[in-house]
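Analysis of the macromolecular model
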Amino acid sequence: MEQDILFLRKAIELANQAKQEKDEPFGALLVKDGVIVATGQNYVKRNQNPIAHAELEAIYTYCAQSGMTDLQDYTLYSSCEPCPMCMSAAIWANVGRIVYSVPAKQAAEKIGSIFQLSSEDLATHSTNKPKLIGPLLQDEGIRVFE
């Protein structure tokens with residue numbers, strides 16, 4: 001649990017960095033055996049790309065560099081509960097664990113959302129079922145949206 005807190009704080013730092021760079025405040029990192037193998041920030045505004053979400057950036061970066069597509073032994077840390085698109089990507093990549101800070105519903109209250117599906121809803125209906133852990137550090141994570 002202590003390691004989860006450490007890495008989740010780093011994801012929240014990435015979200016703050018994205019916000020400072022005038023993008024949406026989301027950050028993520030991919031970890032295996034206590035080592036960060038990839039990070040991601042939201043690049044939607046900077047790249048004018050609606051699918052440039054932090055979780056996708058981390059997963060894509062690592063898979064492209066490593067040639068791996070099965071991430072069963074990896075943990076994805078996200079400053080916010082993954083949206084349906086990011087959760088679907090994590091499921092396709094067979095990510096073993098997902099640890100997040102702010103629940104999607106709470107983030108939607110701050111910035112809006114077009115989806116009403118939770119990560120748990122998607123995981124329930126898939127054959128790859130990552131272990132979901134969260135919300136953790138919710139007070140720290142929600143400050144990014146203020």
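Read on for a plain summary of the structure. Just so we're clear, the structure is a prediction, and the values are computed from it rather than from any experiment.

What to know about the overall build of the protein chain
When its secondary structure is counted, the protein chain shows seven helices and five strands. In the protein chain, the succession of helices and strands from N to C terminus is α-β-β-α-α-β-α-β-α-α-β-α. The C-alpha atoms of the protein chain give a radius of gyration of 14 Å, which matches the 15 Å a tight globule of 146 residues would have. Considering only C-alpha atoms, the protein chain reaches an extent of 35 × 35 × 30 Å along its principal axes. Here the protein chain holds 146 residues, and 46% of them are scored as buried.

Focus on the pairing of strand β2 (residues 35-41)
Looking down a regular strand, the side chains alternate between one sheet face and the other. Strand direction decides the pairing type here: strand β1 (residues 27-32) and β2, joined by six bridges, are antiparallel. From the neighbouring strand, lysine 32 faces β2, where its bridge partner is valine 35. In sequence, β1 turns back onto β2 through a hairpin of two residues, with aspartate 33 there showing a positive phi of about 50°.

Quick look at the packing of aromatic side chains
Under the defined criterion, the tally for this structure stands at three aromatic pairs. Residues phenylalanine 26 and phenylalanine 145 carry aromatic rings whose centres are separated by 5.6 Å and whose planes lie at 65° to one another, so their mutual orientation is edge-to-face. Of the two residues, phenylalanine 26 sits in the loop between α1 (2-20) and β1 while phenylalanine 145 sits in the segment after α7 (138-143), which places them 119 residues apart along the sequence. The burial state of phenylalanine 26 is the same as that of phenylalanine 145; both residues are buried. Aromatic side chains tyrosine 62 and tyrosine 74 sit 5.2 Å apart centroid to centroid with 50° between the ring planes, which places their arrangement in the tilted category.

Side note on the packing of helix α3 (residues 54-66) against helix α4 (residues 84-92)
A packed helix pair is summarised by two numbers, namely the angle formed by the two axes and the spacing between the axes. At a minimum axis distance of 9 Å, the contact between α3 and α4 shows a crossing angle of 25°. Considering the angle they form, α3 stands roughly parallel to α4. The interaxial crossing formed by α3 with α4 has left-handed handedness. Contact with α3, carried on its side by Glu55, Leu56 and Ile59, involves Met85, Cys86, Ala89 and Ala90 of α4 and no other residues of that element. A class-by-class count of the residues in the contact of α3 with α4 yields six nonpolar, no polar and one charged.

Notes on α4
Along α4, the residues that are buried comprise Pro84, Cys86, Met87, Ala90 and Ile91. Mapping the buried residues of α4 onto a view down its axis gives an arc of 165°, with all of them on the same face. On its buried side, α4 packs onto α3, β3 (75-80), β4 (97-102), α6 (119-124) and β5 (131-133). Positive backbone phi, approximately 60°, marks asparagine 94, located one or two places after α4.

Rules and cut-offs
Residues numbered from 1 in each chain as written. Predicted model: local features only at pLDDT ≥ 70, side-chain atom pairs only at ≥ 80, totals over all residues. Heavy atoms only, no water. Helix = DSSP H or I, 4+ residues; strand = E, 2+ residues; numbered from the N terminus. Rg over C-alpha atoms; globule rule 2.2 N^0.38 Å. Buried < 20%, exposed > 50% of the residue type's maximum accessible area, 1.4 Å probe, protein only. Pairing = 2+ DSSP bridges. Phe/Tyr/Trp six-rings, centres within 6.5 Å; stacked < 30°, edge-to-face > 60°. Axes fitted to C-alpha atoms, helices over the stretch in contact; angles between N-to-C directions. Parallel < 35°, antiparallel > 145°, perpendicular 65-115°, else oblique. Left-handed = near helix turned anticlockwise from the far one by under 90°. Contact = heavy atoms within 4.5 Å. Nonpolar A, V, L, I, M, F, W, Y, C, P; charged D, E, K, R; others polar. Arc of directions from axis to C-beta.

Bear in mind that shape data such as this cannot, by itself, settle questions of function.
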